[in-house]
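One letter stands for each residue in the lines below.
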Amino acid sequence: MSKCEHPKVKCINPYEIIRKYRCEVCGEVMMCACDEEFALRFLPHQIQEGVDLETQQRIPVTLGFQKNICNSCRGLPEEPHPKAEMYGYTSKIRRYYWREIFFETTRRFADWAEARGYARYEVARREHPAVYSRFEEEVVEELRRLHQVSPKYHYQEEPQSVVIAKNEIEVVHLKADYVRRKGQRKAQVKCGGNITCTVEEFVASYYQAEGYETLFTESVPFHALFGVFMWLLIQDPSDPLVQLVSFGERSSFEEKGQSSRLVSTFLPQDFGTPGYAKRRAAEIERHFGRMLKNSEDLLWLFDYWVEPSANFRQYLWAHREQDVERARQIVSILPAEALHRILRYLVEDYWGRYLGWPDLLVYREGEYHFVEVKSSHDKLSEAQKHWIYGNRRYLHLPFRIVKVHKR
Ligand SMILES: [Zn+2]
Ligand SMILES: [Zn+2]
């Protein structure tokens, strides 16, 4: 009798419906207990052996079903194994969630068929293809909604060259002398004389020499901007889904958890989801209407709301003075329409859109644009690609990429 707890397993073929896993410690081949009920009911011929993805060899199952084998049951993220784009797998949901779609559609269709007296699933499936398709549509739609709120898989996205070309982004090429510094995470470049600086600082000084002013941004100042201008809407006491939530004080967490004081604030249960924006569409319009009526007073309003938004901003990790100050500068630089688009973009899907914002805001009288800085072998992250698509579609902020090559 094996005493192995199978600490490390490898799936021999993720494209099988009933997956088989080989333990790297004891070498046994098994399936996960969470698939047992489905396998015995619908695919009993798949539980004896698997087919190795690379070698296409048949591998016998030696241990049957065991508990806590698959990633989900172990509490680990699921790796994506999308099907290739082809007939029947046209959307990302269908390509990434093919296995979940099959499981759930089969279950629903089988229940429907049983209730109509079919003894054999296959017969019902042959006789009622339209019913099966209807259940499948239903499942796909549910997964689409679920994916927006809590994605099980992160889509593998396009190479950055494709993202840049598709979105017609201007790329500015600069050259600099890179300096190797031991133990430094960020690349350093020569910045005149013996001074070295980060690549972002190098680009900022390039724009300053061109007569621009610059502001370092990245994502957090936008979270602060959102917190200050939106707290009154988000924490609306007349919203029936608003409730009191408590969390550990953010600053104490940063001081390496010295005190664990709790902060309480009011938040709707569906905060940050696309569903929130749909549910509250009318209130969101009203909020923007009131806020933008006197758009020349936005800076005054910002100052007025810094204090009452403090707990909400703390929840968003947008509590630092420096980030509030940067958010304030953004308000003073950008036109009201641009601020409106930014806040609307965030409120419609906060958790889907709060990352990937550009490094720099470059501006002078009557002119501004955002800049993402890339060092010679630094690639756009998935969040940045997502932001670029969002900017193209919704934000319409002038944006370019500055790439700093090795001289
Ligand atoms: Zn084992
Ligand atoms: Zn499992």
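Residues numbered from 1 in each chain as written. Chains lettered and ligands numbered in written order. Predicted model: local features only at pLDDT ≥ 70, side-chain atom pairs only at ≥ 80, totals over all residues.

With respect to helix H16 (residues 336-347)
It helps to recall that an α-helix has 3.6 residues per turn; residues three or four apart then point in one direction.
At step 1: Taking 1.5 Å as the rise per residue, H16 with twelve residues should run 16 Å; its terminal C-alpha atoms sit 16 Å apart, in good agreement.
At step 2: Within H16 the residues assigned to the buried category are Leu339, Ile342, Leu343, Tyr345, Leu346 and Val347. (Helix = DSSP H or I, 4+ residues; strand = E, 2+ residues; numbered from the N terminus. Expected span 1.5 Å × (residues − 1). Buried ≥ 20, exposed ≤ 12 C-beta atoms within 10 Å, placed from the backbone.)

Quick word on the confidence of the model for the chain
At step 1: Chain-level pLDDT for the chain is 90 on average; 94% of the residues reach the 70-or-more range.
At step 2: Predicted confidence in the chain is weakest over helix H10 (residues 250-254), with a mean pLDDT of 63, and strongest over strand E14 (residues 360-364), with 98. (pLDDT = per-residue confidence, 0-100.)

Some words on the packing of helix H9 (residues 220-234) against helix H13 (residues 298-306)
At step 1: Packing of H9 against H13 brings their axes to within 9 Å, and their N-to-C directions diverge by 75 degrees. Overall, the two elements H9 and H13 adopt an arrangement that is roughly perpendicular. Mapping the contact onto sequence places Val228, Phe229 and Trp231 in H9 and Phe302, Trp305 and Val306 in H13.
At step 2: Tallied by class, residues from the contact of H9 with H13 come to six nonpolar, no polar and no charged. (Axes fitted to C-alpha atoms, helices over the stretch in contact; angles between N-to-C directions. Parallel < 35°, antiparallel > 145°, perpendicular 65-115°, else oblique. Contact = placed C-beta atoms within 7 Å. Nonpolar A, V, L, I, M, F, W, Y, C, P; charged D, E, K, R; others polar.)

Details of the environment of Gly356
At step 1: Considering the arrangement of structural elements, one finds Gly356 in the loop between helix H17 (350-353) and E14.
At step 2: The spatial distance from the C-alpha of Gly356 to the C-alpha of Glu372 is 9.6 Å, given a sequence separation of 16 residues.
At step 3: Apart from residues no more than four positions distant in its own chain, Gly356 is found in contact with Ser219, Ser381, Ala383, Gln384, His386 and Trp387.

As for unusual backbone geometry
At step 1: The backbone of Glu168 shows a phi angle near 50 degrees, a positive value even though the residue is not glycine.
At step 2: Here Glu168 shows up in the loop between helix H7 (160-166) and strand E7 (170-176).
At step 3: Residue Glu168 is classed as exposed on the basis of its C-beta count, with 7 C-beta atoms lying within 10 Å.
At step 4: Positive phi, normally seen in glycine, also occurs at His396, with a value near 55 degrees.
At step 5: Mapped onto the elements, His396 comes out in the loop between helix H18 (382-395) and strand E16 (399-406).
At step 6: His396 gets classed as exposed once you count the C-beta atoms within 10 Å, which come to 11.

Description of the sheet that holds E16
At step 1: Spatially, five strands are ordered E7-E16-E15-E14-E11 in an open sheet, and the strand pairing comes out mixed. Here the strands that pair on one side only, and so sit at the sheet edges, are E7 and strand E11 (213-216). For this sheet, the mean inter-axis angle between neighbouring strands, taken without regard to orientation, is 30 degrees.
At step 2: Here strand E15 (residues 367-375) pairs with E16 via six bridges, running parallel. Paired with Val371 across the two strands is Arg400, which belongs to E16.
At step 3: Here helix H8 (residues 199-209) sits on the sheet in contact with E7, E11, E14, E15 and E16, set at roughly 145 degrees to E15. (Pairing = 2+ DSSP bridges.)

Remarks on the nonpolar core
At step 1: Counting 51 residues, the largest nonpolar core has Val203, Leu225, Leu343, Leu346, Leu360 and Val404 as the members making the most contacts within it.
At step 2: In terms of residue count, the dominant contributor to this core is H9 (ten residues).
At step 3: Excluding residues that lie within four positions of it along the chain, Leu346 makes contacts with Phe226, Arg353 and Tyr354.
At step 4: Among the nonpolar cores identified, the runner-up in size contains ten residues, and Ile12, Met30, Cys32 and Val61 belong to it. (Core = buried A, V, L, I, M, F, W, Y, C linked by C-beta atoms within 7 Å.)

Things to note about the pairing of E14
At step 1: Here E14 lies mainly inside the structure; four of its five residues are buried.
At step 2: Bridge count between E11 and E14: four bridges; the pairing is antiparallel. In the strand pairing of E14, Phe216 is matched with Leu360.
At step 3: Note: E14 against E15, five bridges, orientation antiparallel. Across the sheet, Leu360 pairs through a bridge with Val371, a residue of E15.

Remarks on the environment of Pro80
At step 1: Checked against the element boundaries, Pro80 lands in the loop between helix H2 (71-74) and helix H3 (92-96).
At step 2: The class for Pro80 is partly exposed, based on 15 C-beta atoms found within 10 Å.
At step 3: For the pair Pro80 and Tyr96, spaced 16 residues apart in sequence, the C-alpha separation works out to 6.6 Å.

Here we look at the packing of H9 against helix H15 (residues 321-333)
At step 1: Relative to each other, H9 and H15 sit at 75 degrees, their axes nearing to 8 Å. Here H9 lies roughly perpendicular to H15, going by the angle between them. Every residue of H15 that contacts H9 at Val220, Pro221, Ala224, Leu225 and Val228 is listed here: Asp323, Val324, Arg326, Ala327 and Ile330.
At step 2: Per-class residue counts for the contact of H9 with H15 are eight nonpolar, no polar and two charged.

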